[in-house]
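What the coordinates show
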Amino acid sequence: MKKRYRVAVVGAGIGGKHVEGYNANPDLFEVAVICDRDPERAAALARQVRGGAAVHGAYDDALLGRADIDIIDICLPPFLHLEAITRALRAGKHVVCEKPLVGSLAEVDELERVVAETKRVLMPVFQVRFGNGLARAQHLMRTGAAGRVFLATAQTHWSRGADYYAVKWRGTRAYELGGAFLGHAIHIHDMLTALVGPVRRVSAMMTTRVNPIETEDCGGATLEMADGSIAVLSVTLGSADEVSRLRVMCENVTMEGHGEVYASSKEPWVFTPKAPKDQAWLDAALAGATAGQEGFARQFEDFHAALETGAAPPVTVAQARASLELITALYHSAATGERVSLPLTPAHPGYHGW
Ligand SMILES: NC(=O)c1ccc[n+]([C@@H]2O[C@H](COP(=O)([O-])OP(=O)(O)OC[C@H]3O[C@@H](n4cnc5c(N)ncnc54)[C@H](O)[C@@H]3O)[C@@H](O)[C@H]2O)c1
């Protein structure tokens, strides 16, 4: 009999999507509490929980001291993540936390020490990575069928306006911690590295042209990946239509996501074999790929398996660290005009914050 973990979801914005992910795994999780300082928002979300949930008005010791809660799931604004995660780990809870995990490489390294000390599991959220289309692409990469990667493009062409920035923490360095590269494009860049591998060098330009905000809302970057291939990133919050598209040109096949804005790893992906490879070759190469739940539901399902077996969670702190290392390099390159080489050490000027 599998253990059914009891969860408190803290933050009732994107927390609603987390609830859907837990609701999809009713044998594995029970959302017992919705915590939000906005009582109406908390109550509305509690009603969406399968079987209902209690409401708690503050992220406090009373919540963290509850012995019947196993997991604290943090969906608070970014500037609150570090303290909220640390408190939950020290209270003996496993923790799920939204992106961006924290605000610097120094903070991630501090968190890794707290995780080691408390022996709890911390799982950063990158739910977009869990899609059956991307899984097929990963299968072609893992088996070697795709061949060498030549070039990848990652488009985050989204639309954000005054209504979105009416929420006070957004668009500010102090509270959102960054702009479109951190808050929006982080997902597709995570998909890129999940597929092609780590980044070796970064060159970026950024600007703010769409909204009257402090943080960037347009930019581009060129990456040299560790395998020697090139990736080109384009990011804007001023597109008329919304597209999130990853396209990877390899020796034997070109792989392309369909571009749906929040579900770009899901099917249908298009795989085009490169002559002399043909469709029969492609069908055989894709034959071993597996499909399952997607998005939050899949990330949480795999999290449960990790908790039960003691294996690493489906998104690790090290992977969130790699994504924040890329962010640090992108912001440093954009600010200085330098081409930045990874890995970044604690001596790097961006180590304590970008
Ligand atoms: N994974 C994704 O696709 C995705 C999408 C959107 C947002 N996010 C991330 O999720 C996080 C939250 O974003 P959001 O858009 O849901 O924000 P939001 O402002 O809509 O919701 C945050 C909620 O937290 C509550 N809150 C704030 N401080 C609190 C406190 N001290 N105690 C209790 N409740 C408190 C607010 O009342 C609010 O309801 C951010 O880190 C954001 O980057 C991730």
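Residues numbered from 1 in each chain as written. Predicted model: local features only at pLDDT ≥ 70, side-chain atom pairs only at ≥ 80, totals over all residues. Heavy atoms only, no water.

1. Thoughts on the site of the ligand
Around the ligand, the surrounding shell holds 22 residues, and the nearest of these are Ile14, Asp36, Arg41, Trp169 and Arg170. Note that an oxygen atom of the ligand is positioned 2.7 Å from one of the backbone N or O atoms of isoleucine 14. The separation between an oxygen atom of the ligand and a polar side-chain atom of arginine 41 is 2.8 Å. For the ligand, the accessible surface in isolation is 840 Å², of which the surrounding protein chains cover 83%. Of the residues belonging to the shell around the ligand, the class tally is 10 nonpolar, 5 polar and 7 charged. Looking at the shell around the ligand, you find at least three residues from each of domain 1 (5-127 + 298-314) and domain 2 (128-292). (Near = heavy atom within 4 Å. Polar contact = N/O pair within 3.5 Å; in protein donor to acceptor, adjacent residues only side chain to side chain. Areas by Shrake-Rupley, 256 points an atom, 1.4 Å probe, with all protein chains shown as cover. Nonpolar A, V, L, I, M, F, W, Y, C, P; charged D, E, K, R; others polar. Domains from an automatic or database assignment.)

2. With respect to the domain arrangement of the chain
Taken domain by domain, the chain holds domain 1 (5-127 + 298-314) and domain 2 (128-292). Computed from C-alpha atoms alone, the centre-to-centre distance between domain 1 and domain 2 is 26 Å. Taken together, the contact pairs 13 residues of domain 1 with 14 residues of domain 2. Of the roughly 1300 Å² buried where domain 1 meets domain 2, counting both sides, 69% is carbon and sulfur surface. Together, Phe79, Phe126 and Gln127 form the three largest contributors to the area buried by domain 1 at its contact with domain 2, with a combined 44%. (Contact = heavy atoms within 4.5 Å. Buried area = accessible area lost by both parts, 1.4 Å probe.)

3. Examining the sheet that holds strand E3 (residues 54-56)
Taken together, 6 strands build an open sheet; the order of strands is E3-E2-E1-E4-E5-E6 and the sheet is parallel. Strand pairing shows two members of the sheet lacking a second neighbour, E3 and strand E6 (122-124), which therefore form its edges. The mean inter-strand angle of the sheet, taken between neighbouring strand axes irrespective of direction, is 25°. Sheet topology places strand E1 (residues 5-10) next to strand E2 (residues 29-35); 6 bridges connect them, and they run parallel. Following the sheet pairing, alanine 8 is matched in E2 by valine 33. In the packing of helix H1 (residues 15-23) onto the sheet, contacts are made with E1, E2, strand E4 (71-74) and strand E5 (94-97), and the angle to E1 comes to roughly 165°. (Pairing = 2+ DSSP bridges. Helix = DSSP H or I, 4+ residues; strand = E, 2+ residues; numbered from the N terminus. Axes fitted to C-alpha atoms, helices over the stretch in contact; angles between N-to-C directions.)

4. Focus on helix H5 (residues 105-118)
Side chains three or four residues apart in an α-helix point the same way, a direct result of the helix having 3.6 residues per turn. With 14 residues, H5 should reach 20 Å at 1.5 Å per residue; the first-to-last C-alpha distance of 20 Å fits that figure. Contacts from the buried residues of H5 go to helix H4 (81-90), E6 and helix H12 (317-336). The backbone nitrogen of alanine 106 lies 3.4 Å from a side-chain oxygen of the residue at the head of H5, namely serine 104. Immediately downstream of H5, the backbone of lysine 119 shows phi near 55°, a positive value. (Expected span 1.5 Å × (residues − 1).)

5. With respect to the pairing of strand E9 (residues 218-225)
Among the 8 residues in E9, 6 count as buried, and that is most of the element. Two elements, strand E8 (residues 199-207) and E9, share 8 bridges in a ladder whose sense is antiparallel. Within the sheet, the bridge partner assigned to valine 202 lies in E9 and is leucine 223. For E9 and strand E10 (residues 230-236), the ladder comprises 7 bridges, and the chain directions are antiparallel. Bridging across to E10, leucine 223 finds its partner in alanine 231. (Buried < 20%, exposed > 50% of the residue type's maximum accessible area, 1.4 Å probe, protein only.)

6. Topic: the sheet that holds strand E11 (residues 238-250)
Spatially, 8 strands are ordered E13-E12-E11-E7-E10-E9-E8-E14 in an open sheet, and the strand pairing comes out mixed. Since the sheet does not close on itself, it has two edges, and those belong to strand E13 (270-273) and strand E14 (340-341), each with one partner. Both strand E7 (residues 149-159) and E10 contribute to a ladder of 7 bridges, which runs parallel. Among the inter-strand pairings, threonine 153 is bridged to a residue of E10, identified as valine 232.

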